[in-house]
Each structure stands twice: as C-alpha cells, then as structure tokens.
Amino acid sequence: MISFHTDILPLKNELYRLALRITMNAAEAEDVVQETMMKVWNRREQWNQIESIEAFCLTICRNLSLDKMRRMDNQTQSLDAAYDPKDQGVAANPEEQAVQRDRIQLVRQLINMLPEKQRSCMQLRDMEGKSYKDIAAILDITEEQVKVNIFRARQTIKERFQKIENNEKMKK
C-alpha cells in the first residue's frame, strides 16, 4: 500500500533538484514540485497499479518542468542560487577554496549548456544516484540511450573544461 506521507512526500527534495536542473530557477522549481505533488495526489486511485511510484513522480516532475521551460523561454539563468559552499571539500587555504569554487561554477555552467536530455540523464545518474533502468523509465527512453547520453555529456564537459583550463594556463 502506497502512502503519500511515507512514499511520496519524502521525494520532494529529489523532485526539486530535478526541476531546478531543468528550469534553472528556484522559484519555478518549487512551483513544479507543488504541481507534481498535486498531480500525483489526484491520481492516488492508480498508485497501486504503478510499478515505481518514484519513477512516476519524477516523470511527472520532468514533464511539468519541460512545459514550464517552454512557457518561460528563459534558459539564461544559472544554478548560482543552488550553489552551496558548504558542499565543498575543505581546501587548505582561501586561494585553493576560491579556485575550487570557480571550477565548480564552471562545471555547473558547462552542465547547463548541455542539451536537456543529456543534462537530465547526468542529473539523475550522477547527482541523484539513479540506475540506468530507472532513468530510462523516468525519461521514457531505452537504457542504451541513457548510457549514450551520459557518456556524451561527460565527454562534452571534460573536453570543454580542459579547453578552458588550457586557455587559462596559456594566459598566465
């Protein structure tokens, strides 16, 4: 038996992170999570027929986020609002901490520049820890497509990061 309080409500942070990754706007992500919870609640009669309530919730969240992005047509905002310096490892000195923050910000910007499907696959795998099977169900693609999208996303970020780092070294 699926319970809203024990099975669905605990997913709200995960839903928020997914919505934030897609909308790149904290307020919009909160709205998406609220809409997701309402849609899931309104379909409570179907819960017991659903194989994975988590995948069901994440799929609704993703679709609502994409719809909101199409309506907003505002893809220029970054995840700066989601940046939390406490998440960083403790560097030896303030200069190293600043360099680390800059690198993390650069990686976030590079992630934000990825195509939506690659960004979503990477978010669900690397940040949410989802299995390829779960990601495939959430995004309605094959597991092979998930693997390809993650591989391409990682390669793109790695190449762009190295190119930028090399350009910075040449300037010095």
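Structure first, text after, so check above.
Worth saying up front: this structure is predicted, and the values here are computed from it rather than measured.

About the thresholds
Here, residues in each chain are numbered from 1, in the same order as that chain's written sequence. pLDDT decides what is reported in this predicted model: residues at 70 or higher carry local features, side-chain atom pairs at 80 or more are listed and counted, and totals for whole chains, interfaces and linings draw on all residues regardless. Computation of side-chain values: all heavy atoms of the structure, hydrogens and water removed. Runs of E in the DSSP output that reach at least two residues are strands. Runs of H or I that reach at least four are helices, and both are numbered from the N terminus. Under the scheme applied here, a residue whose accessible area is under 20% of the maximum for its type counts as buried, over 50% as exposed, and between as partly exposed, the area being computed with a 1.4 Å probe on protein chains only. The contact criterion used throughout is that any non-hydrogen atoms of two residues lie within 4.5 Å. Per-residue and other accessible areas follow the Shrake-Rupley method at a 1.4 Å probe size, with only the shown protein chains counted as cover for residues. Here a polar contact is recorded for every N or O atom pair within 3.5 Å, except that within protein the pair must consist of a potential hydrogen donor and a potential acceptor, and residues adjacent in sequence are included only if both atoms are side-chain atoms. Each helix should span, by expectation, one fewer than its residue count multiplied by 1.5 Å. We call a set of buried residues a nonpolar core when its members are Ala, Val, Leu, Ile, Met, Phe, Trp, Tyr or Cys and they connect through side-chain atoms within 4.5 Å of each other.

A. Broad picture of the overall build of the protein. Of the regular secondary structure elements, the protein holds eight helices and zero strands. Taken from N to C terminus, the helices and strands of the protein fall in the order α-α-α-α-α-α-α-α. Counting across all 172 residues of the protein, residues that qualify as buried make up 38%. Long-range contacts, defined here as pairs at least 24 residues apart, represent 66% of the contacts in the protein between residues at least 6 apart. Taken as a whole, the protein presents about 10,600 Å² of accessible surface, with 48% of it coming from carbon and sulfur.

B. Inspection of the side chain of Asn25 at higher detail. On the secondary structure map, Asn25 appears in the loop between helix H2 (12-23) and helix H3 (26-42). At 2.9 Å, the side chain of Asn25 and the backbone nitrogen of Glu28 are in polar contact.

C. Looking closely at H3. In a regular helix each residue adds 1.5 Å, so 17 residues correspond to 24 Å; H3 covers 24 Å between its end C-alpha atoms and thus fits that length. Within H3 the residues assigned to the buried category are Glu28, Ala29, Val32, Val33, Thr36, Met37 and Val40. Structurally, the start of H3 carries an N-cap: the backbone nitrogen of Ala27 is 3.0 Å from a side-chain oxygen of Asn25.

D. The arrangement of the nonpolar core in detail. Judged by nonpolar contacts, the single largest core of 34 residues is most densely connected at Ile8 and Leu15. The leading source of residues in this core is helix H4 (residues 53-72), at 10 residues. In contact with Ile8, not counting residues within four places along its chain, are Ile2, Ser3, Met37, Val40, Trp47, Ile53 and Cys57. Within the second largest apolar cluster, seven residues are counted, among which are Leu106, Leu114, Met122 and Ile157.

Coordinates in, geometry out; function isn't part of it.
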